[in-house]
Every structure is written in C-alpha cells, then in structure tokens.
Amino acid sequence: MSLVSLLRKVGLPAGGILLFLFFWSVAAQNIDTSLGKFPGPTEVFEQANRLVAEHQAERLRETKFYQRQQQRNANKLAKDPTATVKIRPYTGSPTYFDQIQTSLITVLSGFILASLIAIPLGIIIGLSKSINAALAPVIQIFKPVSPLAWLPLVTMVVSAVYVTDDPLFAKSFLNSMFTVTLCSLWPTLINTSVGVANVSPDLINVSKVLRLSWLTHTLKIVLPSSIPMIFTGLRLSLSIAWMVLIAAEMLAQNPGLGKFVWDEFQNGSSNSLGRIMVAVLTIGFIGFLLDRAMLLIQQRVNWDRHADIR
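Residues numbered from 1 in each chain as written. Predicted model: local features only at pLDDT ≥ 70, side-chain atom pairs only at ≥ 80, totals over all residues. Heavy atoms only, no water.

(A) Seen up close, the overall build of the protein chain. On a plain count of helices and strands, the protein chain comes out with 10 helices and two strands. For the protein chain, the sequential pattern of α-helices and β-strands runs α-β-β-α-α-α-α-α-α-α-α-α. Reported as C-alpha extents along the three principal axes, the dimensions of the protein chain are approximately 80 × 65 × 45 Å. Here the protein chain holds 310 residues, and the buried ones make up 33% of them. Considering only contacts in the protein chain between residues 6 or more positions apart, those separated by 24 or more positions represent 70%. For the protein chain, the accessible surface area stands at approximately 19,000 Å², while carbon and sulfur atoms represent 67% of it. A gap of 7 Å separates the mean positions of the 26 positive and 17 negative side-chain charges of the protein chain. (Helix = DSSP H or I, 4+ residues; strand = E, 2+ residues; numbered from the N terminus. Buried < 20%, exposed > 50% of the residue type's maximum accessible area, 1.4 Å probe, protein only. Contact = heavy atoms within 4.5 Å. Areas by Shrake-Rupley, 256 points an atom, 1.4 Å probe, with all protein chains shown as cover. Lys, Arg positive; Asp, Glu negative; His and termini not counted. Charge placed at Lys NZ, Arg CZ, Asp CG, Glu CD.)

(B) The arrangement of a positive patch on the surface in detail. Together, Lys64, Arg68, Arg72, Lys76, Lys86 and Arg88 make up a region of like positive charge exposed at the surface. Of note, Arg68 is situated in helix α2 (residues 41-79). (Patch = residues over 30% accessible without salt bridge, like charges linked within 9 Å, V, L, I, M, F, W, Y side chains within 5 Å. Salt bridge = Lys/Arg side-chain N within 4 Å of Asp/Glu carboxyl O.)

(C) Representation of the pattern of salt bridges within the structure. A full pass over the atoms with the stated rule returns nine salt bridges. With a shortest N-O distance of 2.8 Å, Asp291 and Arg292 are connected by a salt bridge. One network of salt bridges, with partners in common, ties together Glu54, Glu264 and Arg275.

(D) Seen up close, the packing of aromatic side chains. All chains considered together, the criterion is met by nine aromatic pairs. Pairing Phe142 with Trp150 gives two aromatic rings, centres 5.8 Å apart and planes at 25 degrees, and the pair type is stacked. The partly exposed category is assigned to Phe142, whose relative accessible area is 35%. One aromatic cluster is present, built from ring pairs that chain together Phe65, Tyr66 and Tyr90. (Phe/Tyr/Trp six-rings, centres within 6.5 Å; stacked < 30°, edge-to-face > 60°.)

(E) The side chain of Ser103, seen in detail. In this fold, Ser103 is placed in helix α3 (residues 96-127). For Ser103, a relative accessible area of 0% puts it in the buried group. In this structure Ser103 touches Trp242, Leu245, Glu249, Gly256 and Leu257, once residues within four positions along its chain are discounted.

(F) Summary view of the packing of helix α9 (residues 257-267) against helix α10 (residues 272-301). Where α9 contacts α10, the axes come no closer than 9 Å and their chain directions differ by 165 degrees. In terms of orientation, α9 lies roughly antiparallel with respect to α10. Along this stretch, α9 crosses α10, giving a crossing that reads as left-handed. Where α9 abuts α10, its residues Leu257, Phe260, Val261, Glu264, Phe265 and Asn267 lie against Ser272, Arg275, Ile276, Ala279, Thr282, Ile283 and Ile286. For the contact of α9 with α10, the class distribution of residues is eight nonpolar, three polar and two charged. (Axes fitted to C-alpha atoms, helices over the stretch in contact; angles between N-to-C directions. Parallel < 35°, antiparallel > 145°, perpendicular 65-115°, else oblique. Left-handed = near helix turned anticlockwise from the far one by under 90°. Nonpolar A, V, L, I, M, F, W, Y, C, P; charged D, E, K, R; others polar.)

(G) Structural view of the nonpolar core. Of all hydrophobic cores here, the largest spans 32 residues; its most connected members are Tyr96, Leu234, Trp242, Leu257, Ile286 and Met294. Elements with a minimum of two residues in this core: α1 (3-28), α2, α3, α6 (171-197), α8 (214-252), α9 and α10. Here this core takes 10 residues from α8, the largest share from any one element. Apart from residues no more than four positions distant in its own chain, Met294 is found in contact with Phe111, Phe231, Leu234, Arg235 and Leu238. Ala114, Ile125, Leu185 and Leu189 belong to the second-largest nonpolar core, a separate cluster that totals seven residues. (Core = buried A, V, L, I, M, F, W, Y, C linked by side-chain atoms within 4.5 Å.)

Set out below in structure tokens:
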C-alpha cells in the first residue's frame, strides 16, 4: 500500500475526527445549560469510564449474590441431604451495557422480521405489474407513518392479543420490536421490488429459452440480479430500525438505550448531560457498526466481484 493510499484511508478519517473533537470542545465551553456547561470530550470520556465501572461493580454484586446462595444451599444440604434448595434470580438494576444488549436484541429481531416480510413480498410485487399497481397506494400511505403514531396502536394490540400467565417474551420487547418492524420494512420492500422489476431483459430471455420454472427463474435469475438493490434497502431499513427503536424506547419507557437517555434527562444531575452524550455517541457508533456489518455481508453475497460497494 502506497503512502498516498495510507493517508487517504487512515489519515483523512483521523483528521476528520480530530477536527470534530476540536470544534466540539470549543463549542462546549461556550454553551451554558440549566445543568451547567455543555459536556466536552473530556467530561464525556470521564462519564464513559464511570459507566464501565458501574457495570463492573454490578456484575461483581451479581456474582457475590449467587455465591452466597450456593454457599447457603451447600450448608443446608450438608445438614439435610433431602432438603429442597433453589436459586433465586438476581434482580439488580440493568447497567448501561445491559441496556445496549437489550436494544441490540430488539432491533435485530424487528429488522429480521421486517426482512422476512419485505423481501418475499418485494419479489412478488416486482414480478407482477398487477400486484404492484394494487399495493403501491397502500405502501405509499403507510411508508411515511412515524413510529410515534404506530407505538400506541402496537401497544394496545399486543396488550389485547398477547394474554398469557407465562409469557415467553415481555410485552415491552414485543411493543418495541413490532414498532421497529412496521417502520423499517418499507425501504427493503421498495428496493427489492424495483430491483426485481429491472432485471436485464437479456437474462429474462435466457430464462424463457431455457424454460425455467417460476421458482428456478426467481432463484437463479431474479435474486442474483437484484442483490445490489435488495442490500441497499436492507441497509436503509437497518438504519431506520435503529433510529425508530431509540425513539420507541424513549416514548414507551421500554428497556434499552432510549430509556437510559430519558431517565438521565429526567434525573437532571450534573452528570446527566455527559451520560446522555455518551449514549448519543454509542448510538451513532453502533449504527455505524451495523451498517458496516451489512456491507460485509453484501460484499460476500454479491455476484459482481468488481462492483464498487460502499
């Protein structure tokens, strides 16, 4: 790799980040809020370290909690081998990293469900002009609906339908997941249908000459040709899913990063702004990683190895 290529790939991104940190630091010193100065990079870094320390302390308390139970049960069995023992679950407060894990599980569940709906339906719409004409108005009506409008409806439906004494999933998880699904499936659906509808006529003629069945035609001709458009839709859907989830968690107070931000805002302590900025940067970084992961998958499955995918 030449020096110019190294500077372009490493130097320019690093320079952009340093420039951003400089302007952020200067601007923070000149912004006064009701909770004090707007947090700069140093304050945010300190709050990030505190969140890490709080997570480690909570995990240590959890470990000691189970160790005490195991010791108590061992002593009980030593006195009476027929005694009934049990392990009570730890019910400590979720840490910042627990909230991140909850949000990731929720967003990926909603995104996968949206993809399982959008890709097959997009293929059907792209292959049939009649179905496209029938469903296009419905898609255009529901596509711009905000998650703030979907969430109350989803919450009421889940509460009415999901009635059980032994729930497999928490209602808060289902509320967030279905809201993510309803808001994120449209880019994948539209891009898939457009990609399928614009398959090269030459490939379609080859399929006709070979008299391929509908399923073989779809798997061998349509899907490989549509992969670039499908993954463009998937990447857009994933980014929308992540944004929608944070908003839904804040509005409904469901566990996750959104709830963490809202709780810190309501807390109003001198550390709250710094913690909120940590969450903002975490949300952005996770969104970036999710997009990069989808990009790597696209590069693996794309048939055109010379295509410039970015």
